[in-house]
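Close look at the chain arrangement
Below are the chains, spelled out letter by letter.
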Amino acid sequence: MAPLLSVKNLAFSYADRNFGPLGKKILKPVLHGISFKIEEGEIFGLVGASGAGKSTLGKCLLGLLDYTGDIFIDGIRQGPFLRPGQRKLLAARVQGVFQNPGAALNPVMPIGRLLDEAVRTSGVQDKTERGKRSDEILELVGLDSSVKKRRADELSSGQKQRVCIGCALSFRPRLIIADEAVSSLDVSAGAQILNLFSGLRERLGLALLFISHNLEAVHYLSDRVAVLEGGTLTGDGQDPPRLP
Ligand SMILES: Nc1ncnc2c1ncn2[C@@H]1O[C@H](COP(=O)(O)OP(=O)(O)O)[C@@H](O)[C@H]1O
Ligand SMILES: [Mg+2]
C-alpha cells in the first residue's frame, strides 16, 4: 500500500526581491533533494536551525508554494498551486497548525461560530449535523462546550491552540503539519498540547509532521526524527536518524 505521504526530490527557491543583470530573476534556493515518507498514524519530527527551511517545507506540503519534485498523498501526485477542487481534496487529507494561535483566530468571534464556519467549509451543510460535529471536535481537543459562547481573546494561548487544532480537525485530515505549534506556549500548556497530539494519534490514527526547534519536544513526541540542514535532510532522508 502507498504511504500516506511520500516526498520525492522536492526542491524550492524563493525569488529575490531584487533583479540581477538584464532584469534576470535571482533565485534563493532553500530546499533541494528532499525525500521522505510518513506512514498512516506516524509522528515524524523535523528539526533544524532557524532559517533552515522547515516552514518552507511545510508550506510546500500544504500546496502553498510552487515547488519542483513530487509530493504523493495516498499515492496520488499533488501539483503545486492547486486548483480549488484539488485544494479541497488536499485539505481533507492535510491541514496545518501554526505557531501563533492568537493570529490565526478572529479575536472577537464566538468560538462556536468559528468552529461552525470551519465545519461548514469542510462541506457539512445541515445545521444540526454541524452542531453535533462541533461538539465532537470540542471533546476531541479537550475543551468544554461552554467555550462556544466565549471569544478567542478571552481564552488562554493553550485554549486558543486547541481551537486551532479543532478547526484543522473539522476537515477530518489524516495528516497535520504542526509548525512550531507549541513554541509560543508556556511549558505546561505546551506539554498539554503535545499530549493532545499524541492522544489524537491514538484515537483517530492521525499522522503528524511535527516541526520544531525544540529538540526535547520533538524527541518526546516523534517516532522518527529528521534534521533539515543546508536545504536537505541529513542521511538519505528515507530513514532519517534518531536523535541520541
Ligand atoms: N517569503 C519569503 N521570501 C523570501 N525568502 C524567504 C521567505 N520566507 C522565508 N524565506 C527565507 O527562506 C529561508 C528558510 O525560511 P523558513 O522556511 O522560514 O525557515 P525555518 O522555518 O526553518 O526557520 C530563510 O533564509 C528565510 O529568510
Ligand atoms: Mg519556521
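Now for a description of the structure that goes with this document. (Residues numbered from 1 in each chain as written. Chains lettered and ligands numbered in written order. Predicted model: local features only at pLDDT ≥ 70, side-chain atom pairs only at ≥ 80, totals over all residues.)

1. Topic: the overall build of the chain
Helix and strand counts for the chain come out as eight helices and ten strands. For 244 residues, the compact-globule formula gives about 18 Å, and the C-alpha radius of gyration of the chain, at 18 Å, lands near that figure. Projected onto the principal axes, the alpha-carbon positions of the chain cover approximately 55 × 45 × 40 Å. Out of the 244 residues in the chain, the part that is buried amounts to 39%. The long-range share in the chain, meaning contacts at least 24 apart out of those at least 6 apart in sequence, stands at 71%. (Helix = DSSP H or I, 4+ residues; strand = E, 2+ residues; numbered from the N terminus. Rg over C-alpha atoms; globule rule 2.2 N^0.38 Å. Buried ≥ 20, exposed ≤ 12 C-beta atoms within 10 Å, placed from the backbone. Contact = placed C-beta atoms within 7 Å.)

2. What about the site of ligand 1?
Every residue close to ligand 1 is listed here: Tyr 14, Lys 28, Val 30, Gly 48, Ser 50, Gly 51, Ala 52, Gly 53, Lys 54, Ser 55 and Thr 56. For the shell around ligand 1, the secondary structure elements donating two or more residues are β2 (25–38) and α1 (54–61). The residue makeup of the shell around ligand 1, split by class, is three nonpolar, six polar and two charged. (Near = placed C-beta within 6 Å. Nonpolar A, V, L, I, M, F, W, Y, C, P; charged D, E, K, R; others polar.)

3. Observations concerning the sheet that holds strand β7 (residues 175–179)
Strand order across the open sheet formed by six strands is β6-β7-β8-β3-β9-β10, with mixed pairing between neighbours. Unpaired on one side and paired on the other, β6 (94–97) and β10 (232–233) mark the two borders of the sheet. By the bridge criterion, four bridges tie strand β3 (residues 43–47) to strand β8 (residues 207–211) in an arrangement that is parallel. Along β8, the bridge assignment pairs Ile 43 with Leu 208. (Pairing = 2+ DSSP bridges.)

4. Digging into the pairing of β7
For β7, the tally of buried residues reaches five of five residues, placing the bulk of the element in the interior. Pairing between β6 and β7: four bridges, direction parallel. When the bridges of β7 are listed, Val 94 appears paired with Leu 175. Here β7 pairs with β8 via five bridges, running parallel. Paired with Asp 179 across the strands is Ile 211, a residue of β8. Taken together, β7, helix α7 (residues 187–204) and β8 form a β-α-β motif whose crossover is right-handed. (Right-handed = clockwise from strand over helix to strand, strands pointing away.)

5. So, the nonpolar core
By size, the foremost hydrophobic cluster in this structure holds 68 residues, and its most contacted members are Leu 175, Ala 178, Leu 208, Leu 209 and Phe 210. Among the elements that take part in this core, helix α6 (residues 157–169) stands out by supplying six residues, more than any other. Ignoring any residue separated from it by four or fewer positions in sequence, one finds Leu 209 in contact with Ile 38, Phe 44, Leu 46, Gly 58, Leu 61, Leu 175, Ile 177 and Ala 178. (Core = buried A, V, L, I, M, F, W, Y, C linked by C-beta atoms within 7 Å.)

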